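Residue strings, one per chain:
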Amino acid sequence: MKTNTAKSAKTGLVENYRDLNVYKAAFEFQQALFKVSKGFPKEEMYSLTDQMRRSSRSVGASIAESWSKRRYQAHFLSKLTDADSELQETLHWLRTALACEYLSKKDSIKLADQAADIGKMLGSMISNHLQFCTHQTASRRR
């Protein structure tokens, strides 16, 4: 499992949400999901396909938003839990796509594994959210 320890050589701290391994994994996940959903039936375009793509994109978007909220511990934590909620919604849609036979078992397993890795990283950030908030505050004092 990757951790969120990507660091800037300049300060030794993550300076941008794009440096977070969890964000990188979420972005890769949304792109993989987009690719497989291209093969879904046209009648699902404005229902299943749209919902799945939207929720998967919201994972990374919530991580990005959380990063800008680090000075407010409760907001930071709230946005991280939003990211986790969107991840769980995406898993629901993946399960639905598999049940409807729009998604192969192989693709389903691969995407579920990616989601599990993202979930572990988010869980770690949620459990240690104060560490992220304190670093941001400490670096601003310098």
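This report concerns the structure included in the present document.

### Some points on the overall build of the protein chain
Here is step 1: Looking only at helices and strands, the protein chain features 5 helices and 0 strands.
Here is step 2: The order of α-helices and β-strands along the protein chain, N terminus first, is α-α-α-α-α.
Here is step 3: When each of the 142 residues of the protein chain is scored for burial, the buried share is 39%.
Here is step 4: As presented, the protein chain carries roughly 8,400 Å² of accessible surface, and 50% of it is formed by carbon and sulfur atoms.

### Remarks on the packing of aromatic side chains
Here is step 1: Using the criterion set out here, one finds 5 aromatic pairs in the structure.
Here is step 2: Arranged with centres 6.3 Å apart and planes meeting at 35°, the rings of Y23 and F27 form a pair that is tilted. Separated by 4 residues within a single helix, Y23 and F27 lie in helix 1 (residues 21-37), roughly one turn from each other.
Here is step 3: Residues W67 and F132 carry aromatic rings whose centres are separated by 6.4 Å and whose planes lie at 75° to one another, so their mutual orientation is edge-to-face. Taken together, the residues span a long stretch of sequence, with W67 in helix 2 (residues 45-68) and F132 in helix 5 (residues 129-141) at a distance of 65 residues. Of the two residues, W67 and F132, neither departs from the other in class, the shared state being buried.
Here is step 4: Three or more aromatic residues joined by ring pairs make a cluster, and in this case those are Y17, Y23 and F27.
Here is step 5: A cation over a ring is seen here: R18 above Y17, with NZ or CZ 5.3 Å from the ring centre.

### Examining the nonpolar core
Generally speaking, soluble globular proteins have nonpolar side chains that are buried together.
Here is step 1: The biggest cluster of nonpolar side chains holds 30 residues, and the ones touching the most others in it are L20, V22, F29, M52, I63, I118 and L122.
Here is step 2: The set of elements that each furnish at least two residues to this core consists of helix 1, helix 2, helix 3 (73-99), helix 4 (105-127) and helix 5.

### Re helix 2
Here is step 1: Along its 24 residues, helix 2 runs 33 Å from first to last C-alpha, staying within 8% of the 34 Å computed at 1.5 Å per residue.
Here is step 2: In the structure, helix 2 departs most strongly from a straight axis at Q51, where the bend amounts to approximately 25°.

### Some points on the pattern of salt bridges
Here is step 1: Scanning the entire structure with this criterion turns up 4 salt bridges.
Here is step 2: Put simply, E86 and R54 hold a salt bridge, and the shortest N to O gap is 3.4 Å. A residue pair is termed long-range when its members are at least 10 positions apart, and E86 in helix 3 and R54 in helix 2 qualify at 32 residues.
Here is step 3: Among the ionic pairs, R54 bridges to E89, the shortest N-O distance being 2.5 Å. One end of the pair, R54, is in helix 2; the other, E89, is in helix 3, with 35 residues separating them in the sequence.
Here is step 4: Here E89 falls in the partly exposed class, since its relative accessible area comes to 22%.
Here is step 5: Linked by salt bridges that have partners in common, R54, E86 and E89 make up one network.

### Focus: the environment of R95
Here is step 1: Considering the arrangement of structural elements, one finds R95 in helix 3.
Here is step 2: Classification of R95 by relative accessible area gives exposed; the value is 68%.
Here is step 3: Between the alpha carbons of R95 and S108 there is a distance of 7.7 Å; along the sequence they are 13 residues apart.

### Let's talk about unusual backbone geometry
Here is step 1: One non-glycine residue, E101, adopts positive backbone phi at about 65°.
Here is step 2: Summarising the element assignment, E101 is placed in the loop between helix 3 and helix 4.
Here is step 3: On the accessibility criterion, E101 (70% relative accessible area) is exposed.

What counts and how
- Residues numbered from 1 in each chain as written.
- Predicted model: local features only at pLDDT ≥ 70, side-chain atom pairs only at ≥ 80, totals over all residues.
- Heavy atoms only, no water.
- Helix = DSSP H or I, 4+ residues; strand = E, 2+ residues; numbered from the N terminus.
- Buried < 20%, exposed > 50% of the residue type's maximum accessible area, 1.4 Å probe, protein only.
- Areas by Shrake-Rupley, 256 points an atom, 1.4 Å probe, with all protein chains shown as cover.
- Phe/Tyr/Trp six-rings, centres within 6.5 Å; stacked < 30°, edge-to-face > 60°.
- Lys NZ or Arg CZ within 6 Å of the ring centre and 35° of its normal.
- Core = buried A, V, L, I, M, F, W, Y, C linked by side-chain atoms within 4.5 Å.
- Expected span 1.5 Å × (residues − 1).
- Bend = angle between axes of the 7 residues up to and from the residue.
- Salt bridge = Lys/Arg side-chain N within 4 Å of Asp/Glu carboxyl O.

Interpretation note: all reported values are geometric properties and have no functional meaning in isolation.
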